[in-house]
Amino acid sequence: MTLYQKLATRLREHIQHDFYKSGDKLPSVRQLAQEHGVSISTVQEAYRQLEQEQLVEARPKSGYFVCIPKKDNLPSISRPPQRPLEVSQWEEVLNMLMNRSGNKGVQLQHAMPDMKASTLKPLLKTLSDLTKQKPELGLGYSDVRGSKELRMQLCRLTVASGCQLHPDDIVVTSGCQEALSVCLRAVTEPGDIIAIESPSFYGSMQAIKAANLKAMEIPTHPETGISLEALELALDQWPIKAIFVTPTCNNPMGYNMPEEKKEQLYRLAQSYDIAIIEDDIYGDISYQFPRPKAIKAFDQDGRVLLCSSFSKSIAPGTRVGWIAPGRYRDKVTHIKYVSSSMCPVLPQLAIAKFIRIGSYAKHIRQMRQNYEQQRDHILNAIKIHFPSDTRVSFPVGGFILWVELHPSIDTMKLVERCREEGVNFAPGPLFSATGKYRNCFRLNFSEQNKEKREWAIKRLAAILQDSDTRIKHSAPETSVLI
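Residues numbered from 1 in each chain as written. Predicted model: local features only at pLDDT ≥ 70, side-chain atom pairs only at ≥ 80, totals over all residues. Heavy atoms only, no water.

Here we look at the overall build of the protein
Logical step 1: Within the protein one finds 15 helices and 17 strands.
Logical step 2: The C-alpha atoms of the protein give 23 Å as radius of gyration, which agrees with the globular expectation for 482 residues (23 Å, within 12%).
Logical step 3: Residues counted as buried form 57% of the 482 residues belonging to the protein.
Logical step 4: Looking at the protein as shown, the accessible area adds up to about 21100 Å², and 51% of this sits on carbon and sulfur atoms.
Logical step 5: Of note, the protein has its 62 positive side-chain charges centred 4 Å away from the centre of its 53 negative side-chain charges. (Helix = DSSP H or I, 4+ residues; strand = E, 2+ residues; numbered from the N terminus. Rg over C-alpha atoms; globule rule 2.2 N^0.38 Å. Buried < 20%, exposed > 50% of the residue type's maximum accessible area, 1.4 Å probe, protein only. Areas by Shrake-Rupley, 256 points an atom, 1.4 Å probe, with all protein chains shown as cover. Lys, Arg positive; Asp, Glu negative; His and termini not counted. Charge placed at Lys NZ, Arg CZ, Asp CG, Glu CD.)

Rendered as structure tokens:
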């Protein structure tokens, strides 16, 4: 790297680690030149690079300041049906999962982490070594609860989220999807009602459908999460059996629910004596440091079933997830056993070592920085190229964001047109039990390089602005802010 690139990298890291916070004044050009022994022009070029990344801004006669993120175009909140409904949309979800357009183009529809990161090399080496040196470990049965070594390392990890767990408190699963499915069956019977955020991850919706449950969608704020007032009204009116939430780095909105609100949600569940299924799969890649507490951190009576996996922080192919099921441990263990018995051993042991030697922490630090930079880049591209009435979420962790277009746009039809042009995304109706959010979609910004991401946004914007391809649906959704 050149001198100005090295200086820009150093300043960028200070900003990302909150050494300089939003709105802070940065050192003067002359001060930095003296401190680092470089020319004034080198410092100016470093600041110019950070300006282009929208990390800093120059103010006339005042100097350089850390940019304050602008959130004035956040998505509005659609009003979900005020009654429990059966989940639909499976055919549409399957179509997207199979990706009938093939692998061509830019794949922005799946929530896939960056699996090319150099920080994953220690994990790959461990997997290779285990396969060569102890292949028999991958052939036999293991503890139905999962590898004890992995469960011990998970206990270490969850301290950062405010949880104090014992290895016996944890059940390992084949990814988070199995964890969520097992938990739903542990706390409900067919026909029961589950309260869930709106919009909500389509995998969660389909897990509810598979368990023959009904979804009660609750209005959700794009910055603070599920409306506790609306949830309490629903609890008063309907026999809701459990609350299903993703409060940290939410999918698809990307928000972190404030910790005081997480505790209030727990108290609300306690007062109605129902369970909370907490999906914390993105929690480790929150940009906030220290990482936010889980609702499980406030759990005093075991009613919170905490679910997570390494599918988003490492790679989905590891298929290593887990549950801290609290008072439901025995039932969860039984359902897990009859569902899929034991999980493969080698990935568990490899991840356990990856955590133990400190490589996971290093990997997570790098991913947080990368994803935050990629978020800022794609938000800037959307601001420049998309119609001015576009609303977009401001994720504070993870690598997905939610885009709301003009009510005249039907993204179920738009996605077909975009696939022909090599751009793929997840249309909004997949994130609702009844196919709402037809003018919304979810984008992933983790895998593709900067040039591909920008090309995809420009291409999508061009299709939107083409009057011949402008797509209308009959009834725009009404929206309400809460």
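Topic: the nonpolar core
Logical step 1: Ranked by size, the top nonpolar core spans 97 residues in total, and within it F310, F386 and L443 carry the most contacts.
Logical step 2: What L443 contacts, discounting residues up to four positions off in sequence, is L108, I378, I382, F399, I400, L401, V403, F425 and I457. (Core = buried A, V, L, I, M, F, W, Y, C linked by side-chain atoms within 4.5 Å. Contact = heavy atoms within 4.5 Å.)

Concerning the sheet that holds strand β14 (residues 400-404)
The strands that make up a sheet pair up through hydrogen bonds in the backbone, lying either parallel or antiparallel.
Logical step 1: Overall, antiparallel pairing links the 4 strands, which are arranged β13-β14-β17-β16 in an open sheet. Bordering the open sheet on either side are β13 (391-392) and β16 (426-427), each of which pairs with just one other strand. (Pairing = 2+ DSSP bridges.)

Side note on the side chain of Q49
Logical step 1: Summarising the element assignment, Q49 is placed in helix α3 (residues 40-52).
Logical step 2: Judged by its relative accessible area of 19%, Q49 is buried.

Topic: the packing of helix α9 (residues 228-237) against helix α10 (residues 259-272)
Logical step 1: Running from N to C, α9 and α10 point in directions that differ by 10°, and their axes come no closer than 11 Å. As the angle between them shows, α9 and α10 are arranged roughly parallel. Contacts between α9 and α10 involve L228, L231, E232, L235 and D236 from the former and K261, Q264, L265, L268 and Y272 from the latter. (Axes fitted to C-alpha atoms, helices over the stretch in contact; angles between N-to-C directions. Parallel < 35°, antiparallel > 145°, perpendicular 65-115°, else oblique.)

Details of the pairing of β14
Logical step 1: Along β14, 5 of the 5 residues are buried, which leaves the element largely enclosed by surrounding structure.
Logical step 2: In β14, alternate side chains face the same way, and those of I400, W402 and E404 on one face and L401 and V403 on the other are all buried.
Logical step 3: Pairing between β14 and strand β17 (residues 440-444): 5 bridges, direction antiparallel. Considered in β17, the bridge of V403 is made with F441.

Thoughts on the environment of E451
Logical step 1: As for its placement among the helices and strands, E451 is situated in helix α15 (residues 450-465).
Logical step 2: On the accessibility criterion, E451 (57% relative accessible area) is exposed.
Logical step 3: E451 sits 170 residues away from I281 along the chain, and the two C-alpha atoms are 28 Å apart.

Observations regarding the pairing of strand β1 (residues 56-59)
Logical step 1: Here β1 runs beside strand β2 (residues 63-66); their pairing, made up of 4 bridges, is antiparallel. Counterpart to E57 in the pairing with β2 is F65.
Logical step 2: Linking β1 back to β2 in an antiparallel pair, the connection comprises 3 residues, with K61 at a positive phi of about 60°.

A few points about the environment of R375
Logical step 1: Position of R375 relative to the elements: it lies in helix α13 (residues 359-385).
Logical step 2: For the pair R375 and D410, spaced 35 residues apart in sequence, the C-alpha to C-alpha distance is 25 Å.
Logical step 3: Among all residues touching R375, those that are not within four sequence positions of it are Y287, F394, P395, V396 and F445.
Logical step 4: A polar contact of 2.9 Å, which involves the side chain of R375, links it to the side chain of D376. (Polar contact = N/O pair within 3.5 Å; in protein donor to acceptor, adjacent residues only side chain to side chain.)

Notes on the confidence of the model for the protein
Logical step 1: Counting all residues, the mean pLDDT for the protein is 89, and 94% of those residues have values of 70 or more.
Logical step 2: Model confidence for the protein, summarised as mean pLDDT per element, is weakest for helix α4 (residues 90-98) at 79 and strongest for strand β10 (residues 275-279) at 98.
Logical step 3: Low pLDDT, under 50, characterises residues 474-482; the predicted model gives this stretch 20 contacts beyond four residues in sequence or across chains. (pLDDT = per-residue confidence, 0-100.)

Overview of α9
Logical step 1: Along α9, the positions that sit buried rather than exposed are L228, L231, A234 and L235. For α9, the buried positions fall inside an angular range of 120° around the axis, keeping them on one side. Turned more than 90 degrees from where α9 packs its buried face, E229, L233, D236 and Q237 sit exposed.
Logical step 2: Looking at the buried residues of α9, the elements they touch are β6 (193-198), β7 (214-221), β8 (225-226), β9 (240-245) and α10. (Arc of directions from axis to C-beta.)

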